[in-house]
Amino acid sequence: MAKRDDDDDDNEIGGGTVFPPLCRDVATEHPMREATKLLLSLLFAFLSSSFLHVHISGTVAHAATVDEETCTPGGDGDGTCASPLLVVEEGVDVDDVDDEEDDDSNCIDDDESCAIYASQGACLDNPGYMTYHCSRSCGTCDAARKAIEAAEFVEEGDEIPCMDDHYQCLEWAGMGECDANPGYMLRKCKRACLVCYEGTNQFGVEQRIPRESHIENIVSYIDRSIEYMKRVWREKEFSRVRHKCRNQHEDCTYWASLGECDANPKYMQLNCAPACQTCDLLDIKHRCPIEPGNEVIWKPGDLNGLFENIVDNADGSGEYLHYNPKALSRPQIRRDGTHAPNTEKDGPWIVLLDNFVSEEEADRLVAIGKQQGYERSADVGKEKPDGSHEALVSDSRTSHNTWCQEPSCYDDPLVKPVIDRIANVTKTEVRNSEYLQLLQYEPGQYYKQHHDYIGHHLDMPCGVRILTLFIYLNDVEEGGGTSFPIPGVVVTPKKGSAVLWPSVRDDEPEQKDWRTDHEALPVIKGLKYGANAWIHSRDFKAAFKRNCH
Ligand SMILES: O=C(O)CCC(=O)C(=O)O
Ligand SMILES: [Fe+2]
C-alpha cells in the first residue's frame, strides 16, 4: 500500500489517490492545498459550541480514554476532546434553532469534491468531516459562519467541535488505523476514533428524546451505547461490521429503552444495532453460521457422474429413459476416458428432458401463478446492512414471476410430484432446492445474458446454486427460447419439457462455470410460462427459514 508522504499533494481531500495513514511512527500533518484552507482549518479548530443546532437537554461527560495526551493543549492545540452529548428534543427543528439565515459569503467547500460527496449522502454519513469542511454543499453554512466568528473569541471552557480533519478518517478508522497508527489518527481523526463525542449521529441517525419519555433513562441508554460503540470501533472482532453498525431511525434509543430489542428483535437488532448493542449480528457470517452437518453435497467428479447417468445411462439403471435425455452440449471426454458419441457440442452440460411434467401439471403451475399474481422480476442488488441483498428491478430482466412458497402451492397434488421429481432426477434433496419460481413473459419481455450462480452464497448456509432445471409450461407462439451463447445452444420452449444445466464446475463444484451464461430471448408472439428450480449445494430451505439466503 502507498506510504503517506507529507509533501505529496495527492493526499489532499478529493485528490483522487487514497493514502491510508500508514506511517506508524510519525505523527504527520495533513497538508492543505492552499494557505486559505490552512487558515480555515485553524479557525475550525477553535469552533465554539454556539453553532449547535439542537437544544442541549442533557450532558454526559465522556473522558477521552484513548490517548489523553493527544488531546492536551500543545498536542493538537485544541485544549480538549470532550464535547457534550447532544440529544434532540421532539419538535425542535434544526432551522428553527439557528437564529440567523445562511449567508452565502460564509459558506465553505474546502474541496471541489464536496458537492459530489454531498450528493452521495456524505453529509449524513460522514458529518464529522462534512459539516465543517463542506458546509456549502451540506447546507451547514450557519454553523461554519458562527464557528469562524467564535474562533476569534474562544474562551476557556468553550466547546470544541468533534470533527475529523480528513475525509477518509471514518474509512481509516474502520480499517483499524486508530490502533495501528494512533500518532496520526488520534489527533486528526478524533471523531472517527471516538476520542470525542458530539452527538448520537456518530452512530447513524441523531437520536430523539420524546417529551413523554424519561430523559435520564434515555440518556443513560445513549451513554451505554456510546461505551459499546467505542468497543466496536476498537476491537478486531467487529472489524467487518463497524462501518454499517448505525441506528437507522431517530427513535432507536427510545425503543430500546422500552424493551423493543427483545420484543422485536428482527427489526431492532439490524436497524438499531448501536442502541441494542448487536453490531456483531450485522455480520451475516455471525448471524448465519454454517452449522456442522450442513455439508456441500458434491465432491469433484459428482457433477459429471450425475449427467453421465442421465444421458449415457452410465449406471445401467435406465432410470432416465422416459425423459429421452439429449445432451445439447457436453464435455467430449467421459470420466472413464472414452469419447462421447453423437455429441453436438463440446462444452458444459446442457441437457434437454422431454415430458418432464405432464400437461395437467404444467397447466396447474400456470393456474397457480395466475391465482397468486405475477410481479415484476428482479435481480440480486446491492448488499444491505444486514448482509442480505436488495432486489434490483432493471432493464436486464423484464419478465414477471411469483414463488411457489406457500403450502397451497408446494403441497398441491399436482405440484408436489413435480418438486419430488426434480429432487429425484438431480439426486438431490427437496431441501436443496429453492421454492419454484413461476414465470410469465409477455411479448417483448426477456432476461438478458446472465448467470444463475450467486457468489455471496459461497459462505452462507444455503451454499451456491449448483444446478438449474428450467421447465417450459406452454408452447410459445414465437420467440422466448433459452440461449446459451458460449456453447452456441438455443432451446425452443416446448410444453412439459425441461432443460438442466450446472452453474458450477465438475472439478471445483463450489466455483462458477462461466460457460453456462444464458439468456431468455424476447418473446415475439404469445405468452411464455416457465418454472425455475435452482438447486443449492447445501440446505436451502433451512437457510430460507432463518433469513440466511
Ligand atoms: O426463461 C428462460 O428461458 C430462462 C430464465 C432464466 O434464465 C432465469 O430466470 O434465470
Ligand atoms: Fe437464469
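Criteria and thresholds
Residue positions are counted from 1 within each chain, in the order its sequence is given. For naming, the first written chain is A and the first written ligand is 1, with later ones following in the order written. Only residues with pLDDT of at least 70 are given local features in this predicted model, and only at 80 or more are side-chain atom pairs given and counted; all residues enter the totals for whole chains, interfaces and linings. Note that the side-chain values use all heavy atoms of the structure and ignore hydrogens as well as water. At least two bridges found by DSSP between two strands is the condition for calling them paired. The numbering of helices and of strands both runs from the N terminus, where a helix is a DSSP run of H or I of at least 4 residues and a strand a run of E of at least 2. Angles run from 0 to 180 degrees between N-to-C directions of axes, and those axes are lines fitted to C-alpha atoms, restricted for helices to the stretch in contact. Cysteine sulfur atoms that pair up within 2.5 Å are treated as a disulfide. When accessible area is computed with a 1.4 Å probe and restricted to protein chains, residues below 20% of their type maximum are described as buried, those above 50% as exposed, and intermediate ones as partly exposed. Metal coordination here is assigned from N, O and S atoms located within 2.8 Å of the ion, or within 3.2 Å for Na, K and Ca; omission of water means that sites may look incomplete. Contacts are assigned to residue pairs with any non-hydrogen atoms lying within 4.5 Å of each other.

A. The arrangement of the sheet that holds strand β16 (residues 518-520) in detail. Across the sheet, four strands lie side by side as β10-β16-β13-β14; this open sheet has antiparallel pairing. Of all strands in the sheet, those bounded by a partner on one side alone are β10 (447-450) and β14 (489-491). In this sheet, adjacent strand axes meet at a mean angle of 10° when their direction is disregarded. Across three bridges, strand β13 (residues 482-484) lies against β14 in antiparallel orientation. Looking at the pairing, F484 lines up with V489 of β14.

B. Seen up close, the state of the cysteines. Enumeration according to the criterion identifies eleven disulfides in this entry. Across a sulfur-sulfur distance of 2.1 Å, C123 and C138 are joined as a disulfide pair. Here the disulfide of C123 and C138 is left-handed, its torsion about the S-S bond being about -85°. Remark: C138 occurs in helix α6 (residues 135-138) and C123 occurs in helix α4 (residues 122-125); sequence separation between them is 15 residues. Overall, C123 belongs to the partly exposed group, its relative accessible area being 21%. On the accessibility criterion, C138 (18% relative accessible area) is buried. A sulfur-sulfur separation of 2.0 Å characterises the disulfide bridge that pairs C261 with C276. An S-S torsion of about -85° defines the bridge between C261 and C276 as left-handed. One end of the pair, C261, is in helix α13 (residues 260-263); the other, C276, is in helix α15 (residues 273-276), and 15 residues separate them in sequence. Accessibility expressed as a relative area gives 13% for C276, which makes it buried. There is no disulfide at C462, and the cysteine sulfur nearest it, in C548, is 8.7 Å away. Taking the relative accessible area as the measure of exposure, C462 reaches 0% and is therefore buried.

C. Examining the coordination of the iron ion (ligand 2) more closely. Donor atoms from the polypeptide that coordinate the iron ion (ligand 2) comprise H450 (NE2), D452 (OD) and H518 (NE2), at 2.1 to 2.2 Å from the metal. Of note, the donors binding the iron ion (ligand 2) are all from one chain and are spaced H-x1-D-x65-H. Taken together, the residues H450 in strand β10 and H518 in strand β16 connect sequence positions 68 residues apart. Each member of the pair H450 and H518 is classed as buried.

D. Main features of the sheet that holds strand β15 (residues 498-502). What the eight strands build is an open sheet, ordered β3-β4-β15-β11-β18-β9-β8-β5; its pairing is antiparallel. A strand with exactly one partner marks an edge of an open sheet, and here the two such strands are β3 (326-329) and β5 (375-376). Most of the contacts of helix α17 (residues 302-312) go to β15, to which it runs at about 155°, and overall it touches β3, β4 (350-353), β11 (465-472) and β15. Here helix α20 (residues 416-426) sits on the sheet in contact with β4, β9 (436-441), β11, β15 and β18 (528-536), set at roughly 130° to β11.

E. Structural view of unusual backbone geometry. A positive phi angle, near 60°, is found at Q277, a position not held by glycine. By secondary structure assignment, the location of Q277 is in the loop between α15 and α16 (284-287). Of note in the backbone geometry, N313 takes a positive phi value of approximately 50° without being a glycine. Mapped onto the fold, N313 is located in the loop between α17 and β3.

F. Looking closely at the pairing of β11. Among the eight residues that make up β11, eight are buried, leaving the element largely enclosed by the rest of the structure. Pairing geometry for β11 and β18, over seven bridges, is antiparallel. Among the inter-strand pairings, T468 is bridged to a residue of β18, identified as W534. Pairing of β11 with β15 involves five bridges; the strand directions are antiparallel. Of the residues in β15, the one forming a bridge with T468 is W501.

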